Amino acid sequence: MSEKAPGWSDDGENGQHEPEVRPPDDGESSVRGGEEARKEQSHTRTAGTWAAVVVATIALIILLIFILQNLQAVTVTFLGVRGALPLGVALLFAAAIGGLLVALVGAARIMQLRRSGKRKKRGKVS
């Protein structure tokens with residue numbers, strides 16, 4: 001008989017060698033075990049918050065670059081009030097006011113849906 005290399009076994013049919021399948025020791029981890037462990041991990045609030053902070057930081061850096069590249073003074077008139085602002089800052093204010101208007105409309109819709117849900121709930125209980 002021929003000598004077997006450590007960690008290899010003979011399949012017995014055609015003399016080919018296959019690696020032995022051994023469970024990992026306490027200190028070892030298999031590739032399959034690592035994949036299963038990653039699948040078992042669930043999304044946490046901390047992970048979500050961290051991702052949001054990263055995205056917000058990137059957005060702020062891009063916004064800062066935009067403002068710094070658009071420092072030309074422009075005259076802005078709003079409801080009869082005139083003022084001179086850098087173009088980037090004026091556009092930032094316009095975007096912020098637009099975002100606030102969208103948030104107000106969204107908040108009004110959320111309140112409407114909550115009231116409707118409470119009414120339906122009261123109707124079922126009575």
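You'll find the structure just up there.
Think of each chain on its own: its residues are numbered from 1, step by step along the sequence as written. Residue-level local features of this predicted model are given only where pLDDT is at least 70; pairs of side-chain atoms are given and counted only at 80 or more, and the full residue set underlies all totals for whole chains, interfaces and linings. Side-chain descriptors were evaluated using all non-hydrogen atoms of the structure, hydrogens and water having been removed beforehand.

Colleague: Can you help me understand the overall build of the protein chain in this one?
Modeller: What counts as a helix is a DSSP run of H or I of at least four residues, what counts as a strand is a run of E of at least two, and both are numbered from the N terminus. Of the regular secondary structure elements, the protein chain holds three helices and four strands. Beginning at the N terminus, the succession of helices and strands in the protein chain can be written as β-β-α-α-β-β-α. Type-normalised accessible area, obtained with a 1.4 Å probe on protein chains alone, sets the label of each residue: buried when under 20%, exposed when over 50%, and partly exposed for intermediate values. Classification of the 126 residues of the protein chain by burial places 3% in the buried group. Taking all contacts inside the protein chain whose residues are at least 6 apart in sequence as the whole, residues at least 24 apart take part in 7%. Residue contacts are counted whenever heavy atoms from the two residues lie within 4.5 Å of one another.

Colleague: Teacher, can you tell me more about the side chain of Asn70 here?
Modeller: Residue placement: Asn70 occurs in the loop between α2 (45-69) and β3 (73-78). Pairing of N or O atoms within 3.5 Å defines a polar contact, subject to two protein rules: one partner must be a possible hydrogen donor and the other a possible acceptor, and residues neighboring in sequence count only if both atoms are side-chain atoms. Of the polar contacts made by the side chain of Asn70, one reaches the backbone oxygen of Phe66; its length is 2.8 Å. Apart from residues lying up to four places away in sequence, Asn70 is in contact with Pro86, Leu87 and Gly88.

Colleague: How do you make sense of the pairing of strand β4 (residues 81-86) when you look at a structure like this?
Modeller: Look at any regular strand and the pattern is simple: side chains alternate between the two faces of the sheet. Counting buried positions along β4 gives zero out of six residues, so the element sits mostly on the surface. Pairing between strands is defined by DSSP: at least two bridges between them are needed. The pairing of β3 with β4 spans six bridges and is antiparallel. If you follow Ala73 over to β4, its bridge partner there is Pro86. Where β3 folds back on β4, the antiparallel hairpin that results is connected by two residues, among which Leu79 adopts a positive phi of roughly 50°.

Colleague: Is there a simple way to think about unusual backbone geometry in this case?
Modeller: Backbone phi values are negative for most residues with the exception of glycine, while trans is the configuration of most peptide bonds. With phi around 50°, Leu79 is a residue other than glycine that occupies positive phi space. Mapped onto the secondary structure, Leu79 falls in the loop between β3 and β4. Since its relative accessible area comes to 75%, Leu79 is described here as exposed.

Colleague: When you look at the environment of Gly83 in this model, what are you seeing that I'm missing?
Modeller: Mapped onto the secondary structure, Gly83 falls in strand β4. Of the residues examined, Gly83 reaches a relative accessible area of 31% and is grouped as partly exposed. Between the alpha carbons of Gly83 and Ala73 there is a distance of 9.8 Å; along the sequence they are 10 residues apart. Every residue in contact with Gly83, bar those within four places of it in the chain, is listed here: Val74, Thr75 and Val76.

Colleague: Can you walk me through a nonpolar patch on the surface in this structure?
Modeller: Without a salt bridge and with relative accessible area above 30%, a residue can belong to a patch; like charges are then joined within 9 Å and nonpolar side chains (Val, Leu, Ile, Met, Phe, Trp, Tyr) within 5 Å. Calculation of accessible area relied on Shrake-Rupley with a 1.4 Å probe; when residues are assessed, cover is drawn exclusively from the protein chains displayed. One side-chain nitrogen of Lys or Arg within 4 Å of one carboxyl oxygen of Asp or Glu is enough to make a salt bridge. On the surface, a nonpolar cluster with roughly 410 Å² of combined accessible area is contributed by Leu60, Leu63, Phe66, Leu91 and Leu92. At the level of secondary structure, the elements contributing two or more residues to the nonpolar patch comprise α2 and α3 (87-125). Among the elements that line the nonpolar patch, the one with the most residues is α2, at three residues.

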